[in-house]
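This is what each chain is made of:
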Amino acid sequence: MTPAPNGEAGSGPLHDAYLAARLLALAPHALGGIALRGGGPARDLVIETLRAQMPQDQPWRRLPGHIDDDRLAGGTDVAASLAAGQVVRQRGLLAESAGGVLTVPMAERLREDLSGRLAQALDNAPSPAEALTLILLDDGVESDERPPLSLLERVAFECDLSGVQMMTAAPHFGENALALDAVEDLPDDALVVLAATAEALGVASIRPLLFAAATARAHAALAGRDSIELADLEAAARLVLAPRATRLPPEPESDADQPPPPPPPPDNDEPRQNDDPQDQQKDDAPPEDRVLEAAQAAIPRDVLDQIASGRAMRSARGGGTGRRTGSKLRGRPLSARPGMPGGGVRLALVDTLRAAIPWQPIRQREPSVREGGMIRFRRDDLRVRRFEERSTTVTVFCVDASGSAAVARLAEAKGAVELILAAAYVKRTEVALIAFRGSGADLLLPPTRSLTRAKRALAELPGGGGTPLATGITLARQLGDAIISRGRTPMFVFLTDGSANIAADGKPGRPQAREDALAAARNMAASGCDALVIDISPRPRADAEKLAEAMRARYLPLPMADARKLQAALATAQPEPRPAKRVRR
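Conventions we followed
- Position labels on residues start from 1 in each chain and follow its written sequence.
- A pLDDT threshold of at least 70 governs which residues receive local features in this predicted model, and a stricter bar of 80 or more applies before side-chain atom pairs are shown or counted, although totals over entire chains, interfaces and linings include all residues.
- Note: side-chain values were computed over all heavy atoms of the structure, leaving out hydrogens and water.
- In this description a helix means any DSSP run of H or I spanning at least four residues, a strand means any run of E spanning at least two, and both kinds are numbered starting from the N terminus.
- Each residue is assigned to one of three classes by its accessible area relative to the maximum for its type, calculated with a 1.4 Å probe on protein chains only: buried under 20%, partly exposed between the two thresholds, exposed over 50%.
- Note on contacts: a residue pair is in contact if any heavy atoms of the two residues lie within 4.5 Å.
- Along the arc lie the directions from the helix axis toward the C-beta atoms.
- For cavity detection a 1 Å grid was placed over the protein atoms alone, and a set of points counts as a cavity when a 1.4 Å probe fits there but cannot get out; an open set counts as a pocket when protein lies on both sides within 12 Å along at least five of seven lines, with lining residues being those that have an atom within 4 Å of a point.
- Grid points are joined across faces, edges and corners, and a volume is the space filled by probe spheres set on the points.
- For this classification, the nonpolar set comprises Ala, Val, Leu, Ile, Met, Phe, Trp, Tyr, Cys and Pro, the charged set comprises Asp, Glu, Lys and Arg, and every other residue, Gly included, is treated as polar.
- For two strands to be treated as a pair, DSSP must find no fewer than two bridges joining them.
- Note on geometry: axes are lines fitted to C-alpha atoms, helical ones only across the stretch in contact, with angles between N-to-C directions running from 0 to 180 degrees.
- In what follows, roughly perpendicular refers to angles from 65 to 115 degrees, roughly parallel to angles under 35, roughly antiparallel to angles over 145, and oblique to any angle outside these ranges.
- By the criterion used throughout, a crossover qualifies as right-handed when its path from the first strand across the helix to the second strand runs clockwise, the strands pointing away from the viewer.
- One fewer than the residue count of a helix, multiplied by 1.5 Å, yields its expected span.

Novice: Requested: an account of the environment of Leu31, with residues and values cited.
Specialist: Locating Leu31 in the fold gives a position in helix α2 (residues 28-31). Look at Leu31 and you get buried, because its relative accessible area is 0%. Other than its neighbours up to four places away in sequence, Leu31 contacts Leu23, Leu24, Arg154, Val155, Ala156, Phe157, Phe211, Ala214 and Thr215.

See the structure below:
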């Protein structure tokens, strides 16, 4: 068996990032690009390694965060057109980067219109020589702050360098490398191995499989081989499939009840007698198991924990701290749209000029136009600015403060509120608290991100009495409507055992109280708000699960929960960010 590429004896995230950069330089069109998360100096070293392997005359551009459509795709050069008195076209950044590399800084904050343009450019390259190679620089901190999925699906490699502490120089890969065309295509059995590995890891898209096949060929070329070997498939699974895992492979079935296999025939090969039995067992393992083992070993520990708890690290769009909403005056600027300024809507002067300049030769010849300025405008030329801002997420704790367990429940809620508020200045998060007991429900803490105010309001909380669950849910729905009307996103967390004994009219009686609670839960579901029902009874109860089902909420039995467990459960169940709402004026 031919050895792996020179320098591939090491391991770790930085080593894999170096290898990915070398493979990308060998097959940029087939692999699309690379996403580098965190890393600081380590990321700079990987980029330098990639740039050193690329042709020196290859374009290397950087995408400005404030770029507009005309600069990106090409359009009218306003300054040159005004100076020349005629339309002057400018070349777009995508055209300048054709056949080269485009670096996207802070990719986790990339606007959706820009990510769509880049995805279209990757898909519609006229030829491999004009294909675009992307480097996505991901500076996200939270697990759900990720670059757009439309771009992550179009680059082969995702390398997380956020945990790298020791800098090492790039290994010497591919001293005997071959051209990619010299390597044969993957045989059917190799494709079956990669497909089985992807299925076991929950990778549903076909693009990662294509990238894995291209990575295996590039890895073989880097090692100087013209055929695919098992080491190439292992590298492809480790670099391409492992970062995209959404579930853990199923545990192998126990063979304790099966009879032991017959002993192997004696081997006359003397050196094999001293081999390690574990190594020999590994060599005898099926290729599918070895490739899957290599992929699973490359999944970071925190991602394994999230997958095991039912939530993959990936998300469709970065930033899970509230939905994006349109704004007239503030936020991240979006591309301009036709419209009339006024009422707080700003005129986009440069975009208005771009729209008007191409029509000037015709308008200058119009006899009805009086002598006037250099540029003649029409109503259809006017463009207005649009902005996009991320709304605040308000986590509303709805606590069952009735009965003998009220003190413990309220203490848990207090601790969770304080833990979440401690991070409120990092993430746009606010917290509110509703307690229901006796015959009614009270808003004990209106939405706030002030830790001092929260501690003062939570210092003394009432407890005991009946369980007016329907009243508590109704108050939560009313608070949710008020939160939405202010442009914020509510997330409800109900801490209850689901056992109601006070009806909506304040009268005792379990049957009517249960029906009123389910009706209020269905009303909450109709609002479309995200909710989580945490069953904190000593043993999970069917009442709480039925309540969650009626509310279309996630159900989480969490007996004997403390504040940190509640905070972790809330982070796991946090909803994915919703699509941005655009304002067209």
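Back to the write-up after that little detour.
Novice: So what about helix α21 (residues 542-551)? Which residues, and what values?
Specialist: Residues Ala544, Leu547, Ala548, Ala550 and Met551 constitute the buried set of α21. Within α21, the buried residues cover an arc of 165° as seen down the axis, which keeps them to one side. Set apart from the buried face of α21 by more than 90 degrees, the exposed residues are Lys546 and Glu549. Elements that come into contact with the buried residues of α21 comprise α19 (469-485), β14 (489-496), α20 (510-526), β15 (530-535) and β16 (554-557). Trailing α21 by a residue or two, Arg552 shows a phi angle of about 55°, which is positive.

Novice: Got a sec to walk through empty space enclosed by the protein? Specific residues and values, please.
Specialist: Inspection of the entire model under this criterion finds two cavities of 30 Å³ or more. Its boundaries defined by the atoms lining it, the second largest cavity holds a volume of some 40 Å³. Around the second largest cavity, the lining residues are Gly498, Ser499, Ala500, Arg510, Arg514 and Asp543. Its residues assigned to classes, the lining of the second largest cavity comprises one nonpolar, two polar and three charged.

Novice: Residues and numbers for the sheet that holds strand β2 (residues 60-62), please.
Specialist: Adjacent strands of a sheet pair through backbone hydrogen bonds, lying either parallel or antiparallel. Read across the sheet, five strands follow the order β2-β5-β6-β1-β7 without closing on themselves; strand pairing throughout is parallel. Edge positions in the sheet fall to β2 and β7 (157-160), since each of these pairs with one other strand and no more. On average, each strand axis in the sheet is inclined to that of its neighbour by 15°, with strand direction left out of account. Across four bridges, strand β1 (residues 33-37) lies against β7 in parallel orientation. The residue bridging Ala35 from the neighbouring strand is Glu158, located in β7. On top of the sheet, helix α1 (residues 13-26) reaches β1, β6 (133-138) and β7; it is set at about 155° to β7, its chief contact.

Novice: Could you give an account of the sheet that holds strand β13 (residues 440-448), naming the residues involved and the relevant values?
Specialist: Pairing within the open sheet is mixed, and its six strands lie in the order β13-β12-β11-β14-β15-β16. Strands at the two margins of the open sheet, each flanked by one partner only, are β13 and β16. Direction aside, neighbouring strands of the sheet carry axes that sit 15° apart on average. One ladder, built from six bridges, connects β14 with β15; its direction is parallel. Of the residues in β15, the one forming a bridge with Met491 is Asp530.

Novice: Run through the packing of α1 against helix α10 (residues 207-222), naming residues and quoting values.
Specialist: In the contact formed by α1 and α10, the axes pass within 9 Å of each other and the chain directions differ by 95°. As far as their axial angle goes, α10 and α1 are roughly perpendicular. From α1, Leu19, Arg22, Leu23 and Leu26 reach across to α10, where they touch Thr215, Ala218, His219, Ala221 and Leu222. Taken together, the residues of the contact of α1 with α10 break down into six nonpolar, two polar and one charged.

Novice: Outline the pairing of β14, supporting the account with residue identities and numerical values.
Specialist: Among the eight residues of β14, eight are classified as buried, and the element is accordingly described as predominantly covered. Examined bridge by bridge, strand β11 (residues 393-400) and β14 share seven bridges and lie parallel to one another. Residue pairing in the sheet places Val396 in a bridge with Phe492 of β14. One crossover worth recording links β14 to the parallel β15 by way of α20, and it is right-handed.

Novice: Explain α20 to me, using residue names and the numbers behind them.
Specialist: Its 17 residues place the ends of α20 24 Å apart at the C-alpha level, agreeing with the 24 Å of an ideal helix rising 1.5 Å per residue. What α20 keeps buried is the set Ala513, Asp516, Ala517, Leu518, Ala520, Ala521, Met524 and Ala525. Along its buried surface, α20 packs onto α19, β14 and α21. The first or second residue beyond α20 is Gly528, which carries a positive phi of 80°.

Novice: Go over the side chain of Thr103, please, and point to the residues and values.
Specialist: Inspection of the secondary structure puts Thr103 in strand β5 (residues 101-104). For Thr103, the contacting residues outside a window of four places in its chain are Trp60, Arg61, Arg62, Leu63, Ile135 and Leu137.

So, to be careful, I would describe these as geometric facts and stop short of saying anything about function.
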